[in-house]
Amino acid sequence: MLSHTLEHGVLVITVDQDPGIAGRAALSTHITNLVDAHQPTPVVIVLTEDASSGAAVSAVLRAHQWCSRLGVLMSVVTHSAPVRRLLENNADSSAGPRLVVHARVDTAITTAFTAAA
């Protein structure tokens, strides 16, 4: 369902499958566990085309709330313009850093690395 790497001091989590409604909570838990293990490292979550579902978006938004509470910078990458709009419109940024949504992975990693430096 997901994989992760560290690139230039940024935790990159790739979600490559739709978790479905039944897997949404598990995906959110996997993401938040990785964030906890690597904090305060900035996080970039990559939603592949196969993972651009409502359930994956919901899990990412929950993870953003978690990152906000911890003060961890988080951004998301998706090629889907409708999913980018959905994320931007539904992200709660009142508790911490706003969710930044990118179309390209390299841009997201560079931006996160620069912001953390």
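For the structure, see preceding data.
Calculation criteria
Note on numbering: residues in each chain are counted from 1, in written sequence order. In view of the model being predicted, local features appear only for residues whose pLDDT reaches at least 70, and side-chain atom pairs are presented and counted only at 80 or more, with totals across whole chains, interfaces and linings using the full set of residues. The side-chain values count all of the structure's non-hydrogen atoms but skip hydrogen atoms and water molecules. Helical segments are the DSSP runs of H or I of at least four residues, strand segments are the runs of E of at least two, and each set is numbered from the N terminus. Here the globule rule reads 2.2 Å times residues to the power 0.38, and the radius of gyration is calculated from C-alpha atoms. Note on exposure labels: buried denotes an accessible area under 20% of the residue type's maximum, exposed denotes more than 50%, and partly exposed covers the range between, all computed with a 1.4 Å probe on protein chains only. Every residue pair with non-hydrogen atoms within 4.5 Å of one another is taken to be in contact. Only the protein chains shown count as cover for residues, and the accessible areas themselves come from Shrake-Rupley with a 1.4 Å probe. Positive charge is attributed to Lys and Arg, negative charge to Asp and Glu, and no charge count is given to His or to the chain ends. For charged residues, the charge sits on one atom: NZ in Lys, CZ in Arg, CG in Asp, CD in Glu. What makes two strands pair is DSSP finding at least two bridges between them. How far a helix is expected to stretch is found by multiplying one less than its residue total by 1.5 Å. Throughout this description, the term salt bridge denotes a Lys or Arg side-chain nitrogen within 4 Å of a carboxyl oxygen of Asp or Glu. As used in this record, nonpolar core signifies buried Ala, Val, Leu, Ile, Met, Phe, Trp, Tyr and Cys residues forming a set joined through side-chain atoms within 4.5 Å. When the strands point away from the viewer and the path from the first strand over the helix to the second turns clockwise, the crossover is right-handed.

1. Details of the overall build of the chain
Across its full length, the chain holds four helices and five strands. Helices and strands appear in the chain in the N-to-C order β-β-α-β-α-β-α-β-α. For the chain, the C-alpha radius of gyration of 12 Å lies close to 13 Å, the compact-globule estimate for 117 residues. Along the three orthogonal principal directions, the C-alpha set of the chain runs to about 35 × 30 × 25 Å. Sorting the 117 residues of the chain into buried and exposed places 40% on the buried side. Across the chain, contacts joining residues at least 24 apart in sequence account for 75% of those joining residues at least 6 apart. Of the roughly 5800 Å² that the chain leaves accessible, carbon and sulfur atoms contribute 52%. In the chain, the 7 positive side-chain charges and the 9 negative ones have mean positions that sit 8 Å from each other.

2. Some points on the pairing of strand E1 (residues 2-7)
Taken residue by residue, a regular strand's side chains alternate between the two faces of the sheet. The sheet contact formed by E1 and strand E2 (residues 10-15) spans six bridges and is antiparallel. When the bridges of E2 are listed, Thr 5 appears paired with Val 12.

3. A look at helix H1 (residues 20-38)
In a regular helix each residue adds 1.5 Å, so 19 residues correspond to 27 Å; H1 covers 26 Å between its end C-alpha atoms and thus fits that length. For H1, the complete set of buried residues consists of Gly 23, Leu 27, Ser 28, Ile 31, Thr 32, Leu 34 and Val 35. Looking at the buried side of H1, the elements it contacts are E1, E2, strand E3 (43-47) and helix H2 (54-70).

4. Details of the side chain of Ser 28
Structurally, the position occupied by Ser 28 is in helix H1. According to the relative accessible area criterion, Ser 28 is buried, its value standing at 8%. Non-local contacts of Ser 28, meaning those with residues more than four positions away in its chain, are made with Ala 59, Arg 62 and Ala 63.

5. Topic: H2
With 17 residues, H2 ought to run about 24 Å at 1.5 Å a step, and its terminal C-alpha atoms sit 25 Å apart, in line with that. Listed in full, the buried residues belonging to H2 are Ala 55, Ala 56, Val 57, Ser 58, Ala 59, Val 60, Leu 61, Ala 63, His 64, Cys 67 and Ser 68. For H2, the secondary structure elements touched by its buried residues are H1, E3, strand E4 (74-77) and helix H3 (81-90). Gly 71 occupies a position one or two residues after H2 and carries a positive phi of about 75°.

6. Examining the pattern of salt bridges
Tallied over the full model, the rule gives one salt bridge. Across the salt bridge formed by Asp 106 and Arg 104, the nearest N and O atoms sit 2.4 Å from each other. The partly exposed category is assigned to Arg 104, whose relative accessible area is 48%.

7. Concerning the nonpolar core
Core analysis: the biggest nonpolar cluster contains 25 residues, and Val 43, Ile 45, Leu 47, Met 74 and Leu 87 have the highest contact counts within it. Looking at this core, the elements with two or more residues in it are E2, H1, E3, H2, E4 and H3. Top contributing element to this core by residue count: H2, with seven residues. Core analysis: the next-biggest nonpolar cluster, separate from the first, contains eight residues, Val 12, Val 77, Ile 109 and Ala 112 among them.

8. Overview of the pairing of E2
Judged by how many residues are buried, E2 sits mostly within the fold: five of six residues are covered. Once E1 ends, the chain turns through two residues before running back antiparallel as E2, passing His 8 with a positive phi of about 55°. Pairing of E2 with E3, which is carried by five bridges, proceeds in the parallel orientation. Each residue of the ladder has a partner; that of Leu 11, found in E3, is Val 43. The parallel pair E2 and E3 is bridged by H1, and the resulting crossover is right-handed.

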